[in-house]
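Each chain, written out:
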Amino acid sequence: MRPFVYERATDVADALDRAGDGAVFLAGGTNLVDHLRLGVRSAERLVDITRIGLDEVEELPGGGLRVGALVRNSDLAAHPALRRGFPVVAQALLAGASGQLRNMATTGGNLLQRTRCVYFQDVTMPCTKRDPGSGCSALEGYAAGNAIFETSPRCMAVHPSDLCVALVALDAVVRTTGPAGDREIPMTELYRRAEDGPETDTHLVPGELITHVDLPPLAPGTRSAYRKVRERASYAFALVSVAAALDVVDGRVRDARLGFGGVCHRPFRARRAEEALVGGPADAAAFAAAIDAELAHARPGRDNAAKVPILRNTALAVLAGLADEGARS
Amino acid sequence: MATPAAPLPPRPAHPGAAGRVETVPVRLRVDGVDRELDLDPRVSVLDALRDRLGVTSVKKGCDHGQCGACTVLADGRRILSCLALAASYDGAEVTTSAGLGAPDRLGDLQEAFVARDALQCGYCTPGQICSAEGMLAEARAGMPSHVSPDVRDVDSPVELTDDEIRERMSGNLCRCGAYVNIVAAIGDVARARS
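Residues numbered from 1 in each chain as written. Chains lettered and ligands numbered in written order. Predicted model: local features only at pLDDT ≥ 70, side-chain atom pairs only at ≥ 80, totals over all residues. Heavy atoms only, no water.

(A) Structural view of the overall build of chain A. For chain A, the helix and strand inventory stands at 12 helices and 12 strands. Taking 20 Å as the expected radius of gyration for a compact globule of 329 residues, we find that chain A reaches 20 Å, a close match to that expectation. Taken along the three principal axes of its C-alpha coordinates, chain A extends 60 × 50 × 35 Å. Within chain A, buried positions represent 58% of all 329 residues. Within chain A, contacts between residues at least 6 apart in sequence are counted, and of these 63% link residues at least 24 apart. Element-wise, carbon and sulfur atoms account for 50% of the exposed surface of chain A, whose accessible area totals about 12500 Å². Positive and negative side-chain charges in chain A, numbering 38 and 40 respectively, have mean positions lying 4 Å apart. (Helix = DSSP H or I, 4+ residues; strand = E, 2+ residues; numbered from the N terminus. Rg over C-alpha atoms; globule rule 2.2 N^0.38 Å. Buried < 20%, exposed > 50% of the residue type's maximum accessible area, 1.4 Å probe, protein only. Contact = heavy atoms within 4.5 Å. Areas by Shrake-Rupley, 256 points an atom, 1.4 Å probe, with all protein chains shown as cover. Lys, Arg positive; Asp, Glu negative; His and termini not counted. Charge placed at Lys NZ, Arg CZ, Asp CG, Glu CD.)

Structural data, given as structure tokens:
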């Protein structure tokens, strides 16, 4: 690990003062410390932000939630208001990592975790995300985990988060503060496409700090769920995952939200499927037509074609489950 | 492959030798004993425990957060000590498996692991014990898991079925494959404590 200077910020203003000049914010450290050790990244200074507050979940008028950036994944998953109102988010959190890691990892850190593409984490291999301009080893190499949506030869990596898939589906808003003041960024606009330049994952600027994530309320009666497919039953990243929220009234879909994980450089919002669903019947044929409308835009490669049918089956199972749940209540 | 790997840049000389590393004071309470350290900020809680304080009950497995062998309790919560920078845990109360019992007075989890033969080589066992201790506290506090029947049900107590124990302990790998008896040992303790 390259040497760095350790600094501990006392509050948000102090953290911003210490940003810049090769500084990197340290929160839970579950991804960053590993990357420093592997040589995937280095820092002149680590600014520890674990003691600046931002560690509470606040219930907003109207049923929304404001989640502090430093709320630990385990604490958020256990929060009663989140569990009752946003089961898709609680399930996504609980599908990720392990008990120990969820106790360390933070909300903001989860949003900023890096891809687990093997080439990104192997400093002996070309990877343009880690080493701009060096090319993408995953194009012709181990490619079973590669993206199938918004693919670009510049980078085939997928975003690894479970939580973010639920957050893009729910139109969560990221609140930040930084050198240019405060900003509110929709989750769906936080991340860059591979084509936009994979060297940077998000549209945050250097020194910008995530302070909160806002969850807008869902319409009463909306059902939501997260389902993840992986190569072992627990403690593995997604092969594919589906976050969905469905509001069905009198057998017809009033609102539908769909996020896909493990398939794109960014947490993927399946807007084509949503558009096909809204206003239509909540039945298997309509669900299949909607998912197929989205999957028509998938671009699987040599080794990852299995993601398409697995994603299709998973999405259909989630939608059927939500429709059934709504019908039984 | 697109292009061959560029040669790695030369690594800087060990900064300790040049004496240029800015160390940080770190206080930890380890298994009930206050310890004061002056550390290179790159030192993990794991390395601080094993290499600086001689607390070798905590084990280094992968050093990448993938195996769980280094699990300790920090202020009562289970964490991976390999991914925890000691400087960031300044002031924490750290409990290793050695703090949960001793050879002549085993803790209940340790006793159960012996009784159930829940190990073969034993290398992952201290991490398993600490993880189980943290996991039982989480379940007692009502924390749900990936296999909990309904995440929206915030009122029912957690029932630690074998499936629940397996899921909640999935961050602790055992290369010997003692999982069946580990689940049984933890189940024994969960029932005895309830």
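(B) Quick peek at the packing of aromatic side chains. Residue and element names in this part refer to chain A. All chains considered together, the criterion is met by three aromatic pairs over all chains. An angle of 20° between the planes, with centres 6.1 Å apart, marks the rings of Phe 260 and Phe 268 as stacked. Its relative accessible area of 5% is what places Phe 268 among the buried residues. (Phe/Tyr/Trp six-rings, centres within 6.5 Å; stacked < 30°, edge-to-face > 60°.)

(C) Just the sheet that holds strand S9 (residues 223-229) of chain A, in detail. All names here are of chain A. Ordered by their spatial adjacency, four strands build an open sheet running S9-S10-S11-S12, and the pairing between neighbours is antiparallel. Only two strands of the sheet have a single neighbouring strand rather than two, namely S9 and strand S12 (268-269). Both strand S11 (residues 252-261) and S12 contribute to a ladder of two bridges, which runs antiparallel. Counterpart to Gly 259 in the pairing with S12 is Arg 269. Packed on one face of the sheet, helix H11 (residues 284-295) meets strand S10 (240-249), S11 and S12 and runs near 40° to S11. Contacting S9, S10 and S11, helix H12 (residues 307-328) runs over the sheet at an angle of about 30° to S10. (Pairing = 2+ DSSP bridges. Axes fitted to C-alpha atoms, helices over the stretch in contact; angles between N-to-C directions.)

(D) Geometry of the domain arrangement of chain A. Domain boundaries in chain A define domain 1 (5-48) and domain 2 (223-328). Its C-alpha centre places domain 1 of chain A at a distance of 37 Å from the equivalent point of domain 2 of chain A. (Domains from an automatic or database assignment.)

(E) Structural context of the sheet that holds strand S3 (residues 71-74) of chain B. Residue and element names in this part refer to chain B. Pairing is mixed across the open sheet formed by five strands, whose spatial order is S2-S1-S5-S3-S4. Because the sheet does not close on itself, it has two edges, and the strands there are strand S2 (33-39) and strand S4 (77-80). Neighbouring strand axes in the sheet, compared pairwise and without regard to direction, differ in orientation by 40° on average. As paired strands, S3 and S4 are joined by four bridges and run antiparallel to one another. Its bridge partner lying in S4, Ala 74 is registered against Arg 77. The strands that helix H2 (residues 45-52) touches are strand S1 (24-30), S2, S3 and strand S5 (93-95); relative to S2, the one it contacts most, it runs at about 105°. Set on the sheet, helix H4 (residues 125-140) makes contact with S3, S4 and S5; between it and S3 the angle comes to about 40°.

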